[in-house]
Amino acid sequence: MAIPALSDIAPGSIHDIRPKVESQDLRKHIVDSLSSEHPSLPSLLLWDDKGQHLFDQFCRSPTYYPFHNELQVFRDKAEEITAQIPSGSTLIELGAGCAHKTAVILSTLHRQQKTIHYFAVDVSEKQLAMTVDGLLIMMAGSESISISGLHGTYEDLVPYLTGQGVQADQLSRRPITFLWMGNSITNFDDPSEAAALLADIRMACSQTLGECKAIVSVDICQDANYVADAYNVQIPSLSTFLNNSMAHANRILGVNVFQANEWGLEMVPCVSGMGIDMFYVARQGVCLDLSDNVVIRFRKGCRVHIITSGKWPGSVLGHVAERAGFRIEQGWMCKRGAYGQPYLGVFCFVANSSKGGHAFLCAEAPVDRKKA
C-alpha cells in the first residue's frame, strides 16, 4: 500500500516509510564496518526498542548536561522558539525518541492557538508508538494540534518527502519546520554529512511554496572536563546503553560473536577537537567468526568505533547551515561555568531562497574541520 502524502495522513496514525528491505542489508553493513581499516559498528544498532529506553535512562544522569540544559532552554525560551513556527505548519521531528522537549513545544503552540500537524520520526517502532500515544493523551483537549508518526530513519525520510510526502502540497504555501534535537546533528563522523542531510531535506521541501525551517539543538561546550564527566564510561546507565549495540549486532548476525566480557569501553576526544568518540576496546585477543567464511581478529587494545558526539563551535554550525542552503535566523543559549561560557544552543535555521548564510557565532574556539 502506498504511503499517503503528509497532508493526507490521519491524526493519530503511524506510517512505515522504510523501504521494503531485509535485515540482510544491516548485516552486510555490520560486516563491512568491522572489516574496514577503522573498525566500527553502525550507530543505528544503538537505537532499537531496548536502546531507546536505555538512552532515556542515561539522559537523566546528573552529569549529562546536554539533556538537562536543552530541556531548560526549551522551558525558558518556549515562547520565543515557537514564535518561529507559523500557524498552519507541518512540524516534523527527526529522531523523536521520548519527546520530552516536544511536549513543551506542543503545549506552547497550543496556548498560542496555532494550527499544527506534528509528525514524530523514529527508527524504533515501539518507542514511536509510545511517543505518539503519550502526546495524543497530553494534547487530548487541543483542537489545533494534530499528532502522527513516521516509522523510519533520517535516510528514509528524504526519499519519502521527495516522492509522495509533499506531492499534495506542491501548489500550497504550507510551511514545514523540522525539529532536530538532542544534539543529534553532531552524531555524524563529519559536519559535512550533517550539511548534506539538511541540504537533501531542504531540496525535498522546495517542491512546496511554503517556507522551510529547522530548529536544531547543538552541544557547543568547549569545557573538556565538563564533557568528560558527562560521558564517563563508568556511569552504569551509559555503559549499559553502549553495550546494547553489541547485543543488537548479535541478533542481526544470528550468532553471539560479541561477548561483553571481552570488551571494555573508552571515551576519546575527537581528532578534530570538536567532540568525543566512544569505542569498544578489546581486553584480549578476540576472534569474531561471522560465518560465510568471514573471520575478523582483533588484538588486545584494538578499538571498534560506536558513535561520535560532536561539540561544535558556532563557526562550524554556521558553516554547516550555509553549506546546506540555510541561514541561522536566531539562537538561544544555555550558559554555565565560572565565566558563563555557552554549553548548549538551540538555533532556528531558515532555508535561503538563494545561496548564502551567516554564522551565529556562540564560541570563538579555533576550528579544525578534519574528519574525526
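Cut-offs used in this document
- Residues numbered from 1 in each chain as written.
- Predicted model: local features only at pLDDT ≥ 70, side-chain atom pairs only at ≥ 80, totals over all residues.
- Heavy atoms only, no water.
- Helix = DSSP H or I, 4+ residues; strand = E, 2+ residues; numbered from the N terminus.
- Areas by Shrake-Rupley, 256 points an atom, 1.4 Å probe, with all protein chains shown as cover.
- Phe/Tyr/Trp six-rings, centres within 6.5 Å; stacked < 30°, edge-to-face > 60°.
- 1 Å grid on protein atoms, 1.4 Å probe; cavity = no way out; pocket = protein on both sides within 12 Å on 5 of 7 lines; lining within 4 Å.
- Points joined across faces, edges and corners; volume = space filled by probe spheres on them.
- Nonpolar A, V, L, I, M, F, W, Y, C, P; charged D, E, K, R; others polar.
- pLDDT = per-residue confidence, 0-100.
- Contact = heavy atoms within 4.5 Å.
- Buried < 20%, exposed > 50% of the residue type's maximum accessible area, 1.4 Å probe, protein only.
- Pairing = 2+ DSSP bridges.
- Axes fitted to C-alpha atoms, helices over the stretch in contact; angles between N-to-C directions.
- Left-handed = near helix turned anticlockwise from the far one by under 90°.
- Salt bridge = Lys/Arg side-chain N within 4 Å of Asp/Glu carboxyl O.

**Student:** Honestly, the overall build of the chain in this entry has me stumped. Any pointers?
**Tutor:** Of the regular secondary structure elements, the chain holds ten helices and 13 strands. If you sum the accessible surface of the chain, you get close to 16,500 Å²; carbon and sulfur atoms cover 50% of it.

**Student:** Sorry if this is basic, but what is going on with the packing of aromatic side chains here?
**Tutor:** Per the counting criterion, the structure on display carries 15 aromatic pairs. Taking 5.5 Å as the distance between ring centres and 80° as the angle between the ring planes, the aromatic pair formed by Y154 and W180 counts as edge-to-face. Of this pair, Y154 sits in helix 6 (residues 154–165) while W180 sits in strand 5 (residues 176–180); the two residues are 26 residues apart in sequence, bridging distant segments of the chain. The structure contains a cluster of three or more aromatic residues connected by ring pairs, namely W47, F55, F58, Y64, Y231 and F241.

**Student:** Which parts of the structure should I look at to understand empty space enclosed by the protein?
**Tutor:** If a probe the size of a water molecule is rolled over the atoms, the empty space left behind becomes visible. In the structure shown here, the tally under the stated rule is two cavities of 30 Å³ or more. In this model, the second largest cavity occupies a volume close to 50 Å³. Forming the walls of the second largest cavity are L94, F178, W180, L198, I201, A214, V216 and F326. Looking at the lining of the second largest cavity residue by residue, the classes come out as eight nonpolar, no polar and no charged.

**Student:** Sorry if this is basic, but what is going on with the confidence of the model for the chain here?
**Tutor:** Caution is warranted with low-pLDDT regions, since their predicted coordinates should not be read in detail. Put simply, the chain has an average pLDDT of 87, and 88% of its residues get 70 or more. Every residue in residues 354–372 scores below 50 in pLDDT, and together they form 52 contacts with partners more than four places removed in sequence or on other chains.

**Student:** Help me understand the layout of surface pockets, please; the structure alone is not making it clear to me.
**Tutor:** Counted as a void, the second largest pocket has a volume near 200 Å³. Along the walls of the second largest pocket sit 14 residues, with A224, V227, G273, G275 and I276 positioned nearest its centre. Elements with a minimum of two residues in the lining of the second largest pocket: helix 8 (224–230), strand 7 (263–269) and strand 8 (275–282). With three residues, helix 8 is the single largest residue contributor to the lining of the second largest pocket.

**Student:** What is the right way to read the pairing of strand 10 (residues 295–298) from this model?
**Tutor:** In summary, the side chains of a regular strand alternate between the two faces of the sheet. Taking every second residue as pointing to the same face, the buried face of strand 10 carries I296 and F298, while none of V295 and R297 on the other face is buried. In the sheet, strand 9 (residues 286–289) pairs with strand 10 via four bridges, with the strands oriented antiparallel. Counterpart to V286 in the pairing with strand 10 is F298. Taking the residues that link successive antiparallel strands as the turn, the strand 9-strand 10 hairpin has five residues, and the phi of S291 there is positive, at about 65°.

**Student:** Could you clarify how one ought to interpret the packing of helix 7 (residues 191–205) against helix 10 (residues 314–324) in this entry?
**Tutor:** For any two helices packed against each other, the geometry is given by the interaxial angle and the distance between the axes. It is the contact of helix 7 with helix 10, at a shortest axis distance of 8 Å, that shows an interaxial angle of 35°. Crossing hand, helix 7 versus helix 10: right-handed. Residue-level contacts link P191, S192, A194, A195, L198, A199 and R202 of helix 7 to V316, V320, R323 and A324 of helix 10. A per-class count over the contact of helix 7 with helix 10 returns eight nonpolar, one polar and two charged.

**Student:** In this structure, what is going on with the pattern of salt bridges? I would like to understand it.
**Tutor:** For side chains of opposite charge, pairing can occur when their charged atoms come near one another. Evaluation of the coordinates by the stated rule reveals eleven salt bridges. Linking E211 and K213 is a salt bridge whose minimum nitrogen-to-oxygen distance equals 3.8 Å. A residue is classified by how much of its surface remains accessible, and K213, at 9% relative accessible area, is buried. A salt bridge links E329 to R327; its shortest N-O distance comes to 3.0 Å. A residue is classified by how much of its surface remains accessible, and E329, at 41% relative accessible area, is partly exposed. Under the relative-accessibility criterion, R327 is labelled partly exposed at 27%.

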